[in-house]
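Fold and geometry: a report
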Amino acid sequence: MIELRPFDRLGSADHGWLAAKHHFSFADYYDAKRIGWGSMRVWNDDTIAPQTGFPPHAHKDMEIITYVRRGAITHEDNLGNRGRTLAGDVQVMSAGTGIRHSENNFEPDATQIFQIWITPDSKGAPPTWGTKPFPQSDRSGNFVALASGMKGDVDALPIRASARVLGATLKAGQSVEYEFDDKRLGYLVPASGRVEINGVTLEARDGAAISREPKIRVTALEDAELVLVDSAN
């Protein structure tokens, strides 16, 4: 089953410096039917104004994956980590026993990100942070694991959850397939472009909640950039 979740019907918040869309319940947006999807708890689509950002704040026991769609985000935390993640690249923060960090857009234009939160398989590990470039040419016509806690995903940024975050780019007319193990769930969002997934059409930034589908086939109706999460049920 594929449930379409149109972008214009997602939860939303506008803080002036931050315009956010929420695929799942978050902060002041609550929908009892959209608390999460499997082990995934948050998928926020954030647009951050230039020279603004999230001031220092704390997290605990959560895997937080940031996929930069446009611009760049600069991370700084109480462990001494500092790094700038560019469009198309990914950063991962395993909050573990607790971490305090800030995320800022120091760029001259707006930055757009997907931020995805996944519940870890266990608690009590020390916090970590990392970032990695993923050339879009490597994902042309293929899903590539960007962040993963699944066996065999050695090139992905590690997370402490039985889940993987994947990216792909497609030219108009191209297709890509992905197979799900039994009892796994998927959530797919085109960062850009219009696509069809097993006969369901998604516009850019729409969500598709995937369940009981052993295989999906995504066909680009125009040039597209995809982000997919495969998570435990």
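For the structure itself, look to the data block above.
So, here's what we can say about the structure. (Residues numbered from 1 in each chain as written. Predicted model: local features only at pLDDT ≥ 70, side-chain atom pairs only at ≥ 80, totals over all residues. Heavy atoms only, no water.)

With that settled, consider the overall build of the chain. If you tally the helices and strands in the chain, you get zero helices and 22 strands. Compactness check: the chain gives a C-alpha radius of gyration of 17 Å against a globular reference of 17 Å for 233 residues, within 12% of the reference. Dimensions along the principal axes, computed over C-alpha positions, put the chain at roughly 45 × 40 × 40 Å. A total of 233 residues make up the chain; the buried ones form 55% of that total. With 26 positive and 31 negative side-chain charges, the chain shows a separation of 3 Å between the mean positions of the two kinds. (Helix = DSSP H or I, 4+ residues; strand = E, 2+ residues; numbered from the N terminus. Rg over C-alpha atoms; globule rule 2.2 N^0.38 Å. Buried < 20%, exposed > 50% of the residue type's maximum accessible area, 1.4 Å probe, protein only. Lys, Arg positive; Asp, Glu negative; His and termini not counted. Charge placed at Lys NZ, Arg CZ, Asp CG, Glu CD.)

This next bit is on unusual backbone geometry. Phi angles above zero are rare outside glycine, and asparagine 198 is one such case at about 50°. When you line up the elements, asparagine 198 lands in the loop between β18 (195-197) and β19 (200-202). Judged by its relative accessible area of 34%, asparagine 198 falls in the partly exposed class. Within the chain, arginine 212 stands out as a residue other than glycine whose phi angle is a positive 55°. Looking at the element boundaries, arginine 212 is found in the loop between β20 (207-210) and β21 (215-220).

To continue, consider the nonpolar core. In terms of nonpolar packing, the biggest core is built from 26 residues, with Trp43, Ile65, Ile116 and Ile118 touching the most fellow members. Where this core is concerned, the elements lending two or more residues are β4 (40-48), β6 (63-70), β9 (90-94), β11 (111-118), β13 (144-148), β15 (163-170), β17 (184-192) and β22 (224-232). When residues in this core are grouped by element, the largest group, four residues, is from β17. Membership of the second largest hydrophobic core comes to 22 residues, among which are Leu188, Ile197, Ile216 and Leu226. (Core = buried A, V, L, I, M, F, W, Y, C linked by side-chain atoms within 4.5 Å.)

One face of the sheet, then the other: side chains in a regular strand alternate in exactly this way. With burial as the criterion, each face of β20 is covered, one bearing Gly207 and Ala209 and the other bearing Ala208 and Ile210. The pairing of strand β1 (residues 2-5) with β20 spans four bridges and is classified as antiparallel. Each residue of the ladder has a partner; that of glutamate 3, found in β20, is alanine 209. (Pairing = 2+ DSSP bridges.)

Our focus in this paragraph is the side chain of aspartate 89. Within the secondary structure, aspartate 89 sits in the loop between β8 (82-86) and β9. Here aspartate 89 sits buried without a salt bridge, and the closest side chain of opposite charge, arginine 139, lies 4.9 Å off (N-O distance). Only 2.9 Å separates the side chain of aspartate 89 from the backbone nitrogen of phenylalanine 134, close enough to count as a polar contact. Excluding residues within four positions of it along the chain, aspartate 89 makes contact with Thr66, Tyr67, Val68, Lys132, Pro133 and Phe134. (Salt bridge = Lys/Arg side-chain N within 4 Å of Asp/Glu carboxyl O. Polar contact = N/O pair within 3.5 Å; in protein donor to acceptor, adjacent residues only side chain to side chain. Contact = heavy atoms within 4.5 Å.)

Another aspect to go through is the sheet that holds β21. The strand order β16-β21-β18-β19 describes an open sheet built from four strands, whose pairing is antiparallel. Here the strands that pair on one side only, and so sit at the sheet edges, are β16 (175-179) and β19. Taken pair by pair, the neighbouring strands of this sheet meet at an average axis angle of 25°, ignoring direction. Taken together, the three bridges between β18 and β21 define a ladder with antiparallel strand orientation. Its bridge partner lying in β21, isoleucine 197 is registered against valine 218. (Axes fitted to C-alpha atoms, helices over the stretch in contact; angles between N-to-C directions.)

Within the element layout of this structure, threonine 169 appears in strand β15. Exposure remark for threonine 169: the relative accessible area of 12% places this residue in the buried category. When the C-alpha positions of threonine 169 and glutamate 225 are compared, they lie 4.5 Å apart, and in sequence the two are 56 residues distant. With residues near it in sequence (within four places) discarded, threonine 169 still touches Gln136, Arg139, Ser140, Gly141, Gln174, Ala224 and Glu225.

Note on sheets: strands pair through backbone hydrogen bonds, and any given pair is parallel or antiparallel. Pairing is antiparallel in the open sheet, where seven strands are placed in the order β2-β3-β4-β11-β6-β9-β12. In the strand order of this sheet, the two ends are held by β2 (11-14) and β12 (128-132), each with one partner. Strand-to-strand twist of the sheet, defined as the mean angle between neighbouring strand axes without regard to direction, takes the value 15°. Sheet topology places β9 next to β12; five bridges connect them, and they run antiparallel. The residue of β12 that forms the bridge with valine 92 is glycine 130.

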